[in-house]
Amino acid sequence: MIGRNEKKSPLIWIIAGESSGDLYGARLASDIRKLRPEARIAGMGGLRMKEAGVDILVDSSELGVIGLIEVLGSIFKFIRIMLYLILEAKRRRPDAVVLIDYPGFNIRFAKRLKKAGIPVVWYISPQVWVWRKSNIPKLAHYCTKMMVIFPFEVDVYKGSGLDVEFVGHPLVEIVRERRDPSLQRDPKRILLLPGSRRSETKRLLFPMLETVAILKQRHPELQFEIATPREKVRDDVQNDMREFIMKNPDAVLPEIPVLCGKTSECLQTCTAGLAASGTVTVECAIAGLPLVVAYKLNPVTFLFARLIIRKLFRNAFTMPNIILNRKVFEEFLQFQVVPEDLASAMERILPGGERRAQADADMEEMVREIEGGVQGAGRNAAMAVLRVADSAQG
């Protein structure tokens, strides 16, 4: 057996294709370096991974498209990135490649890595229990290890032969570390989270602003703000707000500041939120911010999805609801995204609202479900990746 000190420094790649993956990739890189400071880490990611010291081979800041139509419009860009990364992987021979969610790209990449004899660790399982169970055998064949962040996902892969480990959700530690005890919730402040992708903000911002107008009329004391993850998203939102005002001259909107990079503070100072479905719903639940959740797809994508994955539209699509198998946050999909209904749902989770106390209790229960135990999610994931990398070195 080769001793730890005799091994060469491991080369680990982390591949993240969207904002949430960039966040998790950055955390994973930091946790790996805490255990193995000499580790060399490269990959595809955004600003957070770069700040964590990852050697960025491909900048994925604007790759977070969703839906059939959006993907088709970017297909040649994805092909170029795929070919480049395959060539680099064959040349550099990483000891482990960590693929974070992003299944449309990463499953294809995993297949090519498997052919090249490079170990694949999948982190943040695709939602195969809803979308495509046919991907389970593919993942079992291509991957050396699957690290899941929700306890129920272990059972999803039972019988597949895949080495699956529940490591815990990295957001629990991330959100807790960001918490500022000096910040207090303002019972009159509402947060809007229209998403991080252009396809999300284009479809959700207008109904969100209509909801704001209704709430302001009913509750003049309320104040509103919008949080965006990047400057480009902020600029898009500001342009869309100007367009909304031009197209709806009779709408009475309060002043709504658009904040960039301040989401963590907003989750601690607002009393409730209206959000696009996605990772942010879990982040808000960990932070204790109750939500009303909305989502709209391209109409063609929506029709296609209904035909292929009907289960998604019978059951919950918001992750806190899926984790606890009950309605933690009220959710509205596609044609259900009606401003009057969103406003009424928001009133139910305001302080004193009929659903507020239950939402608070449910959020606390969800956090207990996804914690990573004594060691924590970050250390669990880093140790799992290093075991695979060490095994590859022999």
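From a predicted model like this one, the values you see are computed outputs, not experimental measurements. (Residues numbered from 1 in each chain as written. Predicted model: local features only at pLDDT ≥ 70, side-chain atom pairs only at ≥ 80, totals over all residues. Heavy atoms only, no water.)

Engineer: Whenever I open this one, the sheet that holds strand E11 (residues 272–276) confuses me. Can you help?
Structural biologist: Adjacent strands of a sheet form backbone hydrogen bonds with each other and so pair up, either parallel or antiparallel. Ordered in space as E10-E9-E8-E11-E12-E13, the 6 strands form an open sheet in which the pairing is parallel. Each edge of the sheet is formed by a strand with only one pairing partner; in this case those strands are strand E10 (258–260) and strand E13 (330–333). Taking each pair of neighbouring strands and ignoring which way they run, the sheet shows an average axis angle of 20 degrees. Here strand E8 (residues 189–193) runs beside strand E9 (residues 223–228); their pairing, made up of 4 bridges, is parallel. Each bridged residue has a counterpart across the sheet, and for Arg-189 the counterpart in E9 is Gln-223. In the packing of helix H10 (residues 231–247) onto the sheet, contacts are made with E9 and E10, and the angle to E10 comes to roughly 170 degrees. (Pairing = 2+ DSSP bridges. Helix = DSSP H or I, 4+ residues; strand = E, 2+ residues; numbered from the N terminus. Axes fitted to C-alpha atoms, helices over the stretch in contact; angles between N-to-C directions. Contact = heavy atoms within 4.5 Å.)

Engineer: Even after reading the chapter, I still don't get unusual backbone geometry, so can you show me in this structure?
Structural biologist: Trans is the prevailing form of peptide bonds, just as negative phi is the prevailing case for residues other than glycine. Even without a glycine there, the phi angle at Arg-93 is positive, about 55 degrees. For Arg-93, the position within the fold is in the loop between helix H4 (75–92) and strand E4 (96–100). In the Ramachandran plot, Ile-124 falls in the positive-phi region, its phi being about 75 degrees despite a non-glycine side chain. The residue Ile-124 is located in the loop between strand E5 (120–123) and helix H6 (135–142) in this model.

Engineer: In this structure, what is going on with the packing of helix H8 (residues 170–178) against helix H12 (residues 279–287)? I would like to understand it.
Structural biologist: Geometry of a packed helix pair, given as the angle between the helix axes and the separation of the axes. Where H8 meets H12, the closest approach of the two axes is 9 Å, and the angle between their N-to-C directions is 55 degrees. As the angle between them shows, H8 and H12 are arranged oblique. Pair H8 / H12 crosses with right-handed handedness. Side by side, H8 and H12 meet where Leu-171, Val-172, Val-175 and Arg-178 of the first sit next to Thr-279, Val-282, Glu-283, Ile-286 and Ala-287 of the second. Tallied by class, the residues present in the contact of H8 with H12 amount to 6 nonpolar, 1 polar and 2 charged. (Parallel < 35°, antiparallel > 145°, perpendicular 65-115°, else oblique. Left-handed = near helix turned anticlockwise from the far one by under 90°. Nonpolar A, V, L, I, M, F, W, Y, C, P; charged D, E, K, R; others polar.)

Engineer: Help me understand the pattern of salt bridges, please; the structure alone is not making it clear to me.
Structural biologist: One side chain can pair with another of opposite charge once the charged atoms of both are near each other. Enumeration according to the criterion identifies 29 salt bridges in this entry. Where Glu-88 meets Arg-91, a salt bridge forms, and the shortest distance between an N and an O atom there is 2.8 Å. Remark: Arg-91 and Glu-88 occur in helix H4; sequence separation between them is 3 residues, near one turn of the helix. Accessibility expressed as a relative area gives 11% for Glu-88, which makes it buried. For Arg-91, a relative accessible area of 57% puts it in the exposed group. For Lys-232, the salt bridge goes to Asp-236, with nearest N and O atoms at 3.2 Å. (Salt bridge = Lys/Arg side-chain N within 4 Å of Asp/Glu carboxyl O. Buried < 20%, exposed > 50% of the residue type's maximum accessible area, 1.4 Å probe, protein only.)

Engineer: Looking at this structure, how should I read the environment of Ala-357?
Structural biologist: Relative to the helices and strands, Ala-357 is located in helix H17 (residues 356–370). C-alpha separation for the pair Ala-357 and Pro-290, spaced 67 residues apart in sequence, amounts to 9.9 Å.

Engineer: Help me understand the confidence of the model for the protein in this model?
Structural biologist: Summing up the model confidence of the protein, the mean pLDDT is 90 and the portion of residues at 70 or higher is 89%. Here residues 1–5 is a poorly scored stretch, pLDDT under 50, and it has 4 contacts once near neighbours within four places are set aside; other chains count. Here residues 65–70 scores under 50 on pLDDT; set against residues more than four positions off or in separate chains, the count is 17 contacts. (pLDDT = per-residue confidence, 0-100.)

Engineer: Mind showing me how you'd approach the pairing of E8 here?
Structural biologist: A regular strand places its side chains on the two faces of the sheet in alternate fashion. Of all 5 residues in E8, 4 are buried, a share of seventy percent or more. Since E8 and E9 lie parallel, the crossover through helix H9 (residues 198–218) that links them has a hand, and here it is right-handed. Sheet topology places E8 next to E11; 4 bridges connect them, and they run parallel. When the bridges of E11 are listed, Leu-193 appears paired with Ala-275. (Right-handed = clockwise from strand over helix to strand, strands pointing away.)

Engineer: Help me out: how do you make sense of the nonpolar core in this one?
Structural biologist: Looking at soluble globular proteins, one finds that nonpolar side chains tend to be buried together. In terms of nonpolar packing, the biggest core is built from 96 residues, with Ile-14, Leu-28, Ile-32, Val-98, Tyr-123, Ile-286 and Met-366 touching the most fellow members. The leading source of residues in this core is H9, at 8 residues. When sequence neighbours within four positions are dropped, the list of residues in contact with Ile-32 reads Ile-12, Ala-39, Ile-41, Ala-382, Val-385 and Leu-386. (Core = buried A, V, L, I, M, F, W, Y, C linked by side-chain atoms within 4.5 Å.)

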